[in-house]
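Secondary and tertiary structure notes
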Amino acid sequence: QFDVGLHQAVKDTILAETEEFQLDNFISPDGNEVCVEIIVQAGNSRNDATLGGCAGKCGAGCSLIGTGWARDCLKHDTCVTYKNFLLMAEGKDTPSGFCNDLDCGDEGAQTLMECYRDVRFGFDEDIICDEDVFNQRSDAYGHWSVTSYVFGGRCQSYEDWSSGQGIPNESQIRNSDEFAELQSQFVADDSVMMSK
């Protein structure tokens, strides 16, 4: 299950920051979120129905670069593939932009958010990113993946339980400020590189 379009809580902010080519590839008819359910099986094949193959593998397609397999990555792969079929029927470009993609960006952000329970001695325990869990546990926190600093895009736009994307509030994410600072640094570096 995934959605295309934008949740009302983030729609206006994200649309105001969006580049023209992303608007042209926006498949949601009115811009609002529409839930889609598809039965899919993860697979270690370059020949599956997803754009790059290896449905559910985190990272680009079947490349060696990636962090393994996850349900959130499968959900993102499925969303992008679904969107691609719709865009191909209209003769448009394939989806791109990861968190910047208007339809599948929230699924992209979910692949980069990790939630944990703080353990006093030892390794912190993985938990589900869920508002009820966070309300019941003062030791729960979110953490953006290191990968998000480089490849994420505007993932932080989906922070906050009220955005409807299962991502904690900024105050519950331990590296949210660090993430924003590094994101702006990469944008500045890209601008300098493009002007040369």
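Fair warning: this is a prediction, and the values are worked out from it, not measured in the lab.

Right, let's talk about the state of the cysteines for a bit. Covalent bonding between the sulfur atoms of two cysteines is what defines a disulfide. The final tally for this structure, using the stated rule, is 4 disulfides. Between the sulfur atoms of Cys58 and its disulfide mate Cys73 the distance is 2.0 Å. Measuring handedness by torsion sign, the sulfur bridge of Cys58 and Cys73 sits at about 100 degrees and is right-handed. Linking Cys58 in strand E3 (residues 57-58) with Cys73 in helix H3 (residues 71-89), this pair joins segments that are 15 residues apart in sequence. Summarising the burial analysis for this pair, Cys58 and Cys73 share the class buried. Between the sulfur atoms of Cys99 and its disulfide partner Cys155 the distance amounts to 2.0 Å.

Let us now look at the layout of surface pockets. Approximately 1,400 Å³ is the volume attributed to the largest pocket. Within the residue set of the lining of the largest pocket, elements represented by two or more residues are E3, strand E4 (68-69), H3, helix H4 (105-112) and strand E5 (113-117). In terms of residue count, the dominant contributor to the lining of the largest pocket is H3 (8 residues). Of the residues contributing to the lining of the largest pocket, the split by class is 21 nonpolar, 19 polar and 10 charged.

The subject of this paragraph is the environment of Cys104. You can see Cys104 is positioned in the loop between H3 and H4. Relative accessible area serves as the criterion here: at 0%, Cys104 is assigned to the buried category. C-alpha separation for the pair Cys104 and Asp3, spaced 101 residues apart in sequence, amounts to 7.4 Å.

So, on to H4. Burial analysis of H4 places 8 of its 8 residues in the buried class, the great majority of the element. Of all the residues in H4, the buried ones are Gly105, Asp106, Glu107, Gly108, Ala109, Gln110, Thr111 and Leu112. Among the structural elements, strand E1 (2-4), H3, E5, strand E7 (140-144) and helix H6 (148-151) are those in contact with the buried residues of H4.

Taken together, 3 strands build an open sheet; the order of strands is E6-E5-E7 and the sheet is antiparallel. At either end of the open sheet lies a strand with only one pairing partner, and these are strand E6 (125-126) and E7. Of the strand pairs in this sheet, E5 and E7 are connected by 5 bridges, and their pairing is antiparallel. Paired with Arg117 across the bridge in E7 is Ala140. Packing against the sheet, H4 makes contact with E5 and E7, and its axis sits at approximately 40 degrees to E5.

Conventions we followed
Residues numbered from 1 in each chain as written. Predicted model: local features only at pLDDT ≥ 70, side-chain atom pairs only at ≥ 80, totals over all residues. Heavy atoms only, no water. Disulfide = S-S within 2.5 Å. Helix = DSSP H or I, 4+ residues; strand = E, 2+ residues; numbered from the N terminus. Buried < 20%, exposed > 50% of the residue type's maximum accessible area, 1.4 Å probe, protein only. 1 Å grid on protein atoms, 1.4 Å probe; cavity = no way out; pocket = protein on both sides within 12 Å on 5 of 7 lines; lining within 4 Å. Points joined across faces, edges and corners; volume = space filled by probe spheres on them. Nonpolar A, V, L, I, M, F, W, Y, C, P; charged D, E, K, R; others polar. Contact = heavy atoms within 4.5 Å. Pairing = 2+ DSSP bridges. Axes fitted to C-alpha atoms, helices over the stretch in contact; angles between N-to-C directions.

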